[in-house]
Amino acid sequence: MSALAVWRRRRSHRLGATAFSAALVVAGGGCVGDPPGPAPSTASAQAATELLESRIQHFMDGGATSVVVQLRWPDGESSKAYGVRNLDTKDPAKPQDRVSVASITKSMVAVSVLKLVDQGLVGIEDPVNNVLESFRTTLRPPGPITVRQLLNHTSGMPDVADSEFAAGPPKQVANTPLNIQRGLELTATLPWEPKNVGRFAYSNSNYLALGQLIEKLRERPIADVLKEDIFGPLGLTHTSLSEPDRAAPNNIHAYIIDGGERIDVTQPEVFVGSPQGGVVSTAQDVNTFYRELLRGHLLSPASLEEMKKKTGSTDYGLGLALFPDTCSGGFRYGHAGLTFGSISISITSADGGNQITMTMALPPLPWQDAATARRIDLLQTQMQSAAQETLDRLCQ
């Protein structure tokens, strides 16, 4: 099994419903989104936190190194941490600790792409073939590929996680830098089948290409663009893309087993600076990002509505996963994340009022083991269910 078997997001249904701050001037309009629903009662909030506590205890009993979670409702919040930051020092985890949030990064990259759209620098239906040199000289797609198709994973582009690079020893893969261009070159070693264009198939390589598009049009590194577009304006002081600080005391450490050896894979080098999944953040910062996004403080109303639209029958929009909301009858929005040694989920109601972000540092597991992939699949399902059930309790 590939060292990045769990990095691969081929089971795309797990991203959606079927399985898996500051006030800013809005480009092009005012605040959008559904009107706020009724605030949960004290009893509902207490029931939600008690349910969440029991679900997290289940994860800890199963050997998780740590779980960090923040639950928000309109007039309150609960932030908690369980387990330890570091298996060597045994320092207790804290609610404000930082963790690699993996593919939650994609929602942030999608915002920066749609800001380009709002500013008229690119159209959502524009092909990127003639904009990006890599599409002409390296990837050679079977036809025109639009910005929308990259954002919603309907480009048919193969996934870099299926390349020979990803099949190497886990320790080697995790510790090997992989810049955007090199990731696209590895993607180009895989067949890009014409029949797959227009079909939803989750591919990390789509967001490598979008990162390259952002850098081309902004003429700045994507890490700087995300900081200017999102992290700085929202005051996300504990969030970054390209500033690895593995030794900082407020990091949650992640581990895998490779060849019988326990390997510390905190902020894995392969994802540092990567638009496919390189953001390091906190549960609080991630919640703030999704709240301000869904309240219309980052994008024009038109772009936000495009972001939230389902892709055909798939519960995925433009860098956003859709989750059923039993409270409103509509959808909640967010994303799941998976990287070496950790998983995460963030889900927010359409009005930005009820939110949960949860990250788990997994037990150290042999990363090239089929049983590990099955176990992580189960844990992701359980984590999403815990998050959804907790949010459901807030409206009961």
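As a reminder, the structure under discussion sits directly above these lines.
As the structure is a prediction and not an experimental result, all values here were calculated from the model. (Residues numbered from 1 in each chain as written. Predicted model: local features only at pLDDT ≥ 70, side-chain atom pairs only at ≥ 80, totals over all residues. Heavy atoms only, no water.)

*Asks:* Help me understand the state of the cysteines, please; the structure alone is not making it clear to me.
*Replies:* Formally, a disulfide is one covalent bond, and it connects the sulfur atom of one cysteine to the sulfur atom of another. One pass over the full model with this rule turns up one disulfide. In this model C327 forms its disulfide with C395; the gap between the sulfur atoms is 2.1 Å. One quick way to see it: the torsion about the S-S bond of C327 and C395 is about -80°, and its sign makes the bridge left-handed. A residue pair is termed long-range when its members are at least 10 positions apart, and C327 in the loop between β7 (321–324) and β8 (331–339) and C395 in the segment after α11 (370–393) qualify at 68 residues. The exposure class assigned to C395 is partly exposed, which follows from its relative accessible area of 42%. (Disulfide = S-S within 2.5 Å. Helix = DSSP H or I, 4+ residues; strand = E, 2+ residues; numbered from the N terminus. Buried < 20%, exposed > 50% of the residue type's maximum accessible area, 1.4 Å probe, protein only.)

*Asks:* Just checking my understanding: could you explain the pairing of strand β1 (residues 66–73) for this structure?
*Replies:* Regular strands place side chains that alternate from one sheet face to the opposite one. Of all eight residues making up β1, eight are buried, and the element is well covered by its neighbours. Inspection of the sheet shows β1 paired to strand β2 (residues 76–83) by eight bridges, in the antiparallel sense. Across the sheet, the residue bridging to R72 is E77, located in β2. The turn joining β1 and β2, which pair antiparallel and follow one another in sequence, is formed by two residues. Across seven bridges, β1 lies against strand β10 (residues 355–361) in antiparallel orientation. In the sheet register, Q70 faces β10, and the bridge partner there is T357. (Pairing = 2+ DSSP bridges.)

*Asks:* Which parts of the structure should I look at to understand the sheet that holds β2?
*Replies:* Hydrogen bonds between backbone groups are what pair the strands of a sheet, and the pairing can be parallel or antiparallel. Spatial strand order, β2-β1-β10-β9-β8-β7: six strands in an open sheet with antiparallel pairing. The sheet is open, and its two edges are formed by β2 and β7, each paired on a single side. Strand after strand, the sheet turns through a mean of 15° between neighbouring axes, direction not considered. By the bridge criterion, eight bridges tie β8 to strand β9 (residues 342–349) in an arrangement that is antiparallel. Bridging across to β9, R332 finds its partner in S349. Across the sheet, helix α9 (residues 283–294) is in contact with β1, β8, β9 and β10; its angle to β1 comes to roughly 35°. (Axes fitted to C-alpha atoms, helices over the stretch in contact; angles between N-to-C directions. Contact = heavy atoms within 4.5 Å.)

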